[in-house]
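# Working through the structure, step by step
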Amino acid sequence: MMHLLKLLNANHISYRSLNLGIGLKVLEELIDLLPLLLVVWLLSSQHTMDSQTFLVIVVAMLFALILKWVCAQAGGYLNFTESYKATNTLRSILLDHLRRLPLNLLLGKRAGQWQRLFTTQFKQFEEVFSHLLADVIAHILCLIVLVIIVAYLAPILAISVLAPLPIAIALYYWLSRYFTPSIKEDSHEQAQTSSQLFEYIHGLTTLKHFAVTDLLLSPLVNRLQALRQSGLKIEKTGGITSQLPGLIAQAGIVSFLLASALITASGELDLTIWLMCALLSLYMMQIQHTLSMLIPELAVLTTASKALFDLQQLPTQALEGQHIEHFDIQVQQLSFCYAQNPPTLHNISLNIPKGSFFAIVGASGSGKSTLLSLLAGFQPSSSGQVCIDNTNIDDIGSRHLYQNLLHVDQHIQLFSGSIRENLLIADPNASDSILMSTLSKVGLHTFIDSLPDGLNHPIGENGLFLSGGEKQRLGLARALLRNANILLLDEPTSALDQTTEQHVLENIHRSYEGKTIVMIAHRLNTIRYADQIVLMDKGQIIAVGTHTELLKTSPDYQKLVNHSDKATTL
Ligand SMILES: Nc1ncnc2c1ncn2[C@@H]1O[C@H](COP(=O)(O)OP(=O)(O)OP(=O)(O)O)[C@@H](O)[C@H]1O
């Protein structure tokens, strides 16, 4: 509950209307007590029952029924609409928060965990307000009203009926020590299962090609088994946590009878009062039973609030920050480790002047992509810093940063929609003629011309209907349209044939004349004319120079060139 309130307060979500909804729900439950209270009143006043009294009762009951219906409708409406509104507001805030997360935190969770967070756990957050919270509060208040009436009629009987309640509450808290971890375990299992299911479905094509479809199936079946176990555990611990305290609380009726026997023995018990207290106590038992079911359910649903709260506590990159005007990059004694792994980058220092073309080369696994992702500000460094225009990259607001810096890698992310829609991400105002001339720079114009719907052609989820090369060229066309001040390219032409690659890269260099380009390349012929080539090995820079300089001074570079030339000839 603490996290739920913190979440609402931190996001300035008003719960005034929710309170009104809860108030109406309480009124609805209190009206349910009316027949009982009426009987108690009749008994206590020893009113003579005639047809006129019955008529008054009928009218009162009818009025109560109408009031109950109004409260149920208005309360339900307020609770539903307000909880949906609060959930929507929170979802938008957290989605906005998501885009500010550094990439390492974003990728730190698997797809299924994000999916569960934004669907199931949001639904649970919503249900707390739309159903459960109002029910719990209404039942607790009804219980308090009944206790007050019994205490007024016969204080000792009120104490006796409530006597087992502290034991029931203490037991509930003790059992929660087992129940709460099982809720978390089940939630974790559910998220892991969704992630594994995603991976299984996405990987099925590859597995079919290798005729090993059972490879991911058995871990998935094991995961489902674990999910079943955690489901059973939550049922078991949840069942005990709700039933045992509920049962103990209901022993209140036994202590009530015991106290009645003791009082009767001293001859002080009025039968009418006893009858009224017994009626009210029976109703109290029923309420306690309902509460014993609702409270553990509330505990399950409120764990979602903790997950949402934890998401909001993750550190974000500021959207707005310092403005930069010059687009030179300074890397100062930069080191980086992935989680608990040994360092991937060690003590890297590099100056990339504005308007220069730098290439990064090196053996596979030497840390080139990691370095580029740090230059793009996708993850914070472990030590040292990346600066642009002498401003730490973390201090440049991400909006301003990504208006000026573009990172393109070989895995182009496309969205289901048309070619035009995918291109307009880079420049929403680009006209069709600009789009077509950009597409011609990546050699896609003839392909688009051949399509019956041209730029409106749908490309499927993540470019499913396009070839690998077409996807890459569409991604590069977006880069050309964007014309950012700093362009970071991580093997952006790996799926292109050499002629297309040369054509595309020439156009990129022409369009990005005077802009800063840093490019990772395996085919060295694409970077021979770079202003500086940075050679990396095992997370360190081992040589920097032009192609001609490195050929003379770096045996490692010579080796790399020989390998690359052989590969190109082949
Ligand atoms: N997300 C990650 N978590 C943990 N380790 C990673 C992660 N990404 C990369 N690594 C490790 O960091 C090291 C450097 O990887 P990186 O991708 O930067 O190398 P690279 O030089 O770009 O390789 P390639 O030329 O094959 O793309 C590798 O040993 C890799 O296994």
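Residues numbered from 1 in each chain as written. Predicted model: local features only at pLDDT ≥ 70, side-chain atom pairs only at ≥ 80, totals over all residues. Heavy atoms only, no water.

## Focus: the overall build of the protein chain
- A count of helical and extended segments in the protein chain gives 20 helices and 10 strands.
- Taken over C-alpha atoms, the radius of gyration comes to 35 Å for the protein chain, far larger than the 25 Å a tight globule of 570 residues would show.
- By principal-axis analysis of the C-alpha atoms, the protein chain measures approximately 115 × 55 × 50 Å.
- In the protein chain, which comprises 570 residues, the share counted as buried stands at 44%.
- Long-range pairs, those at least 24 residues apart, make up 78% of the contacts in the protein chain with a sequence separation of at least 6.
- Accessible surface, the protein chain as shown: approximately 29,000 Å² in total, 61% of it carbon and sulfur.
- Across the protein chain, 37 positive and 44 negative side-chain charges occur, with their mean positions spaced 4 Å apart. (Helix = DSSP H or I, 4+ residues; strand = E, 2+ residues; numbered from the N terminus. Rg over C-alpha atoms; globule rule 2.2 N^0.38 Å. Buried < 20%, exposed > 50% of the residue type's maximum accessible area, 1.4 Å probe, protein only. Contact = heavy atoms within 4.5 Å. Areas by Shrake-Rupley, 256 points an atom, 1.4 Å probe, with all protein chains shown as cover. Lys, Arg positive; Asp, Glu negative; His and termini not counted. Charge placed at Lys NZ, Arg CZ, Asp CG, Glu CD.)

## Some thoughts on the pairing of strand 10 (residues 540–545)
- Of the strand pairs in this sheet, strand 9 (residues 532–537) and strand 10 are connected by five bridges, and their pairing is antiparallel. Within strand 10, the position partnered with Val534 by the bridge is Val544.
- Here strand 9 hands over to strand 10 after two residues, with Lys538 in that stretch at a positive phi of 45 degrees. (Pairing = 2+ DSSP bridges.)

## Quick word on a nonpolar patch on the surface
- On the surface, Ile137, Ile140, Leu141, Ile144 and Ile148 cluster together into a nonpolar patch covering about 390 Å² of accessible area.
- Look at Leu141 and you get partly exposed, because its relative accessible area is 36%. (Patch = residues over 30% accessible without salt bridge, like charges linked within 9 Å, V, L, I, M, F, W, Y side chains within 5 Å. Salt bridge = Lys/Arg side-chain N within 4 Å of Asp/Glu carboxyl O.)

## Some words on unusual backbone geometry
- At Asn390, a residue that is not glycine, the phi angle is positive and equals roughly 60 degrees.
- Mapping Asn390 onto the fold places it in the loop between strand 4 (383–388) and strand 5 (391–392).

## Some words on the packing of aromatic side chains
- Under the defined criterion, the tally for this structure stands at 10 aromatic pairs.
- Relative to Phe125, the ring of Phe122 lies with its centre 6.5 Å away and its plane at 75 degrees, an arrangement referred to as edge-to-face. Taken together, the residues Phe122 and Phe125, both in helix 6 (residues 111–153) and three residues apart, mark about one turn of the helix. Phe125 matches Phe122 in its accessibility class, with the two residues each being buried.
- For the pair Tyr172 and Tyr173, a centre-to-centre distance of 5.6 Å together with 80 degrees between the ring planes defines the contact as edge-to-face.
- Three or more aromatic residues joined by ring pairs form one cluster here, namely Trp114, Phe118, Phe122, Phe125 and Phe129.
- When the ring centre of Phe122 is taken as origin, the NZ or CZ atom of Arg91, which lies over that ring, is 4.8 Å away. (Phe/Tyr/Trp six-rings, centres within 6.5 Å; stacked < 30°, edge-to-face > 60°. Lys NZ or Arg CZ within 6 Å of the ring centre and 35° of its normal.)

## A look at the domain arrangement of the protein chain
- Domain boundaries in the protein chain define domain 1 (2–164 + 251–313) and domain 2 (329–569).
- Summarising the inter-unit geometry, the C-alpha centres of domain 1 and domain 2 are found 59 Å apart. (Domains from an automatic or database assignment.)

## With respect to helix 8 (residues 165–209)
- In a regular helix each residue adds 1.5 Å, so 45 residues correspond to 66 Å; helix 8 covers 63 Å between its end C-alpha atoms and thus fits that length.
- The largest bend in helix 8 comes to about 50 degrees, at Gly203. (Expected span 1.5 Å × (residues − 1). Bend = angle between axes of the 7 residues up to and from the residue.)

## Here's the deal with the environment of Ala521
- For Ala521, the location among the structural elements is in the loop between strand 8 (516–520) and strand 9.
- Leaving out residues up to four positions away in the same chain, Ala521 has contacts with Ile360, Val361, Thr526 and Ile527.

## Considering the sheet that holds strand 1 (residues 329–336)
- On the basis of which strands lie adjacent, the open sheet formed by four strands has the order 2-1-4-5 and antiparallel pairing. The open sheet has two edge strands with one neighbour each: strand 2 (345–352) and strand 5.
- Where strand 1 lies against strand 4, five bridges are found, and the strand directions are antiparallel. Residue Ser335 lies in a different strand from strand 4, and its bridge partner there is Ser383.
- Helix 12 (residues 368–375) contacts strand 1, strand 2 and strand 4 of the sheet and is inclined by roughly 125 degrees relative to strand 1. (Axes fitted to C-alpha atoms, helices over the stretch in contact; angles between N-to-C directions.)

## A look at the UniProt feature "domain: ABC transporter" (unreviewed entry) in the protein chain
- Following the UniProt record, one finds the feature "domain: ABC transporter" (unreviewed entry) at residues 329–563.
- The span residues 329–563 carries 35% helix and 24% strand; its end-to-end C-alpha distance comes to 30 Å. (UniProt positions renumbered as here; feature names shortened; annotations may be inferred.)

## Describing the site of the ligand
- Residues in close proximity to the ligand include Tyr338, Asn341, Thr344, Ala363, Ser364, Gly365, Ser366, Gly367, Lys368, Ser369, Thr370 and His522, which together make up its full environment.
- Within the backbone of Gly365, a nitrogen or oxygen atom sits 2.9 Å from an oxygen atom of the ligand.
- Its free accessible area being 630 Å², the ligand has 56% of it covered by the protein chains.
- Partitioned by chemical class, the residues of the shell around the ligand number two nonpolar, nine polar and one charged. (Near = heavy atom within 4 Å. Polar contact = N/O pair within 3.5 Å; in protein donor to acceptor, adjacent residues only side chain to side chain. Nonpolar A, V, L, I, M, F, W, Y, C, P; charged D, E, K, R; others polar.)

## Considering the packing of helix 1 (residues 2–10) against helix 11 (residues 271–313)
- The geometry of helix 1 relative to helix 11 is characterised by a closest axis approach of 8 Å and an angle of 45 degrees between their N-to-C directions. Considering their axes alone, helix 1 and helix 11 lie oblique with respect to each other. Note on packing geometry: the crossing formed by helix 1 with helix 11 is left-handed. Mapping the contact onto sequence places His3, Leu4, Lys6 and Leu7 in helix 1 and Ser305, Lys306, Leu308, Phe309 and Gln312 in helix 11.
- Residue composition of the contact of helix 1 with helix 11, by class: four nonpolar, three polar and two charged. (Parallel < 35°, antiparallel > 145°, perpendicular 65-115°, else oblique. Left-handed = near helix turned anticlockwise from the far one by under 90°.)

## What about the UniProt feature "transmembrane region" (unreviewed entry) in the protein chain?
- UniProt's feature table lists "transmembrane region" (unreviewed entry) at residues 20–42, 54–71, 132–150, 156–175 and 244–265, given in the numbering used throughout.
- The span residues 20–42 shows a helical share of 96% and a strand share of 0%, and its end C-alpha atoms are spaced 32 Å apart.
- Regarding residues 244–265, the helix share stands at 95% and the strand share at 0%, and the terminal C-alpha atoms are separated by 32 Å.

## A short note on the confidence of the model for the protein chain
- Of all residues in the protein chain, 98% attain a pLDDT of 70 or more, and the chain-wide mean is 87.
- Of all helices and strands in the protein chain, the one with the weakest mean pLDDT is helix 5 (residues 103–108) (70), whereas strand 9 scores best (95). (pLDDT = per-residue confidence, 0-100.)

## Section: the side chain of Asp186
- Tracing the backbone shows Asp186 in helix 8.
- There is no salt bridge for the buried Asp186, and the closest opposite charge comes from Arg116, which lies 5.9 Å off by N-O distance.
- Among all residues touching Asp186, those that are not within four sequence positions of it are Leu227, Ser230, Gly231 and Ile234.

## With respect to the environment of Ser17
- The topology assignment puts Ser17 in helix 2 (residues 16–32).
- For Ser17, a relative accessible area of 28% gives the class partly exposed.
- With 62 residues separating them in the primary sequence, Ser17 and Asn79 have C-alpha atoms 7.9 Å apart.
- Setting aside its immediate chain neighbours within four residues, Ser17 contacts Leu78 and Glu82.

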